[in-house]
Amino acid sequence: MADREKPTVLVTGFGPFGPHKVNSSMVAVKGLVESDITNLIDLVTEELPVIYEYVQNEVPNLWKKHKPKLCIHVGVHGLTDKVLLETCAHNDGYQCKPDINFKVNSTDHCVQGAPELLHTPIDLKTIHKKAKEKGVPCEIALSDDPGRYLCDFTYFTSLHHGDSPTVFIHLPPIQGPYTCEEMAETLKIIILLILEQIQLL
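None of the values given here were measured: they were computed from a predicted structure. (Residues numbered from 1 in each chain as written. Predicted model: local features only at pLDDT ≥ 70, side-chain atom pairs only at ≥ 80, totals over all residues. Heavy atoms only, no water.)

Student: What should I look at first to understand unusual backbone geometry in this one?
Tutor: Leaving glycine out, the prevailing phi sign among residues is negative, and the prevailing peptide bond configuration is trans. Positive phi outside glycine occurs at Lys 67, with the angle close to 45 degrees. Assignment of secondary structure puts Lys 67 in the loop between helix 2 (52-66) and strand 3 (70-76). Here the phi dihedral of Arg 148 falls at roughly 50 degrees; this positive angle occurs in a residue that is not glycine. (Helix = DSSP H or I, 4+ residues; strand = E, 2+ residues; numbered from the N terminus.)

If you want it as structure tokens, here you go:
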């Protein structure tokens, strides 16, 4: 496959915050860069700081700059031992948990005037089933609650501003049940299945 034919896929992880001095999301994203997925896609990766204002400004810019055919946001979930495929994102509830700059979002909504809930266009039930059939190294599950923090906020921002499919994936923490390599491999398989679903592979 010629480079010009490769679909551009934007994958973001998060930087450190709270107890997550090493954020498993960014470690797994870096693992993708070193994998053979780069033979099939034009992989663009970005580390997002856990800062509301940065995400609000930078995520739309990433869409404009890279024009990805698929966007995958990856975050850490401190209370899960599974890889969670998030089906939707919320527009409200972002004035409760301060970011790493000790600030909450400037308004209670992510995007003023937008719907209260946005869903990914990807059929994640099918992705979940096919990933399990392929024997992904991590246990995976579907979720409809990305948490109303920077993960949820980023997901809603991308679903609102992006013009291609977006999915958010939560990973267990770095000290959880899976190695970084297992989480990166699981991410890779999920991304390839999504690209097949939207007929880009």
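Student: What is the right way to read the packing of aromatic side chains from this model?
Tutor: Each aromatic ring pair is described using two quantities: the centre-to-centre distance and the angle formed by the ring planes. Within the structure shown, the criterion is met by seven aromatic pairs. Relative to Phe 168, the ring of Phe 14 lies with its centre 6.5 Å away and its plane at 35 degrees, an arrangement referred to as tilted. Highlighted residues: Phe 14 in strand 1 (residues 8-14) and Phe 168 in strand 8 (residues 166-171), separated in sequence by 154 residues. The class of Phe 14 is buried, set by a relative accessible area of 2%. Its relative accessible area of 0% is what places Phe 168 among the buried residues. Judged by centre distance (5.1 Å) and plane angle (80 degrees), the ring pair of Tyr 94 and Phe 153 falls under edge-to-face. Here Tyr 94, found in the loop between strand 5 (88-90) and strand 6 (117-119), pairs with Phe 153, found in helix 4 (residues 150-161); they are 59 residues apart in sequence, far enough to count as distant. One aromatic cluster is present, built from ring pairs that chain together Phe 17, Tyr 52, Tyr 94, Tyr 149 and Phe 153. (Phe/Tyr/Trp six-rings, centres within 6.5 Å; stacked < 30°, edge-to-face > 60°. Buried < 20%, exposed > 50% of the residue type's maximum accessible area, 1.4 Å probe, protein only.)

Student: How should I be thinking about the nonpolar core in this particular structure?
Tutor: Grouped together as the largest cluster of nonpolar side chains are 34 residues, with contacts concentrated most on Val 11, Ile 72, Ile 127, Ile 169, Ile 190, Ile 191 and Ile 194. Looking at this core, the elements that each hand over two or more residues are strand 1, helix 1 (24-33), strand 3, strand 4 (83-86), helix 3 (124-133), strand 8 and helix 5 (180-197). Considering every element that reaches this core, the biggest residue donor is helix 5, with nine residues. Ignoring any residue separated from it by four or fewer positions in sequence, one finds Ile 190 in contact with Val 83, Leu 85, Ile 127, Ile 140 and Ile 169. In this structure, Phe 14, Val 111, Cys 151 and Phe 168 belong to the second largest nonpolar core, which totals 27 residues. (Core = buried A, V, L, I, M, F, W, Y, C linked by side-chain atoms within 4.5 Å. Contact = heavy atoms within 4.5 Å.)

Student: Mind showing me how you'd approach the pattern of salt bridges here?
Tutor: Side chains that carry opposite charge are capable of pairing whenever their charged atoms lie near each other. As enumerated under the stated definition, the model contains five salt bridges in all. Note that Arg 148 is salt-bridged to Asp 92, the shortest N-O span being 2.9 Å. Separated by 56 residues along the polypeptide, Arg 148 in the loop between strand 7 (140-143) and helix 4 and Asp 92 in the loop between strand 5 and strand 6 bring together distant segments of the chain. Look at Asp 92 and you get partly exposed, because its relative accessible area is 21%. (Salt bridge = Lys/Arg side-chain N within 4 Å of Asp/Glu carboxyl O.)

Student: Sorry, what's going on with the state of the cysteines here?
Tutor: Two cysteines form a disulfide when their sulfur atoms are joined by a covalent bond. One pass over the structure, following the stated rule, counts zero disulfides. Free cysteine Cys 88: the closest other cysteine sulfur is in Cys 110, separated by 13 Å. A relative accessible area of 4% places Cys 88 in the buried class. Cysteine Cys 151 shares no disulfide, and the gap to the nearest cysteine sulfur, in Cys 110, comes to 13 Å. A residue is classified by how much of its surface remains accessible, and Cys 151, at 10% relative accessible area, is buried. (Disulfide = S-S within 2.5 Å.)

Purely spatial values, then, with no claim about function.
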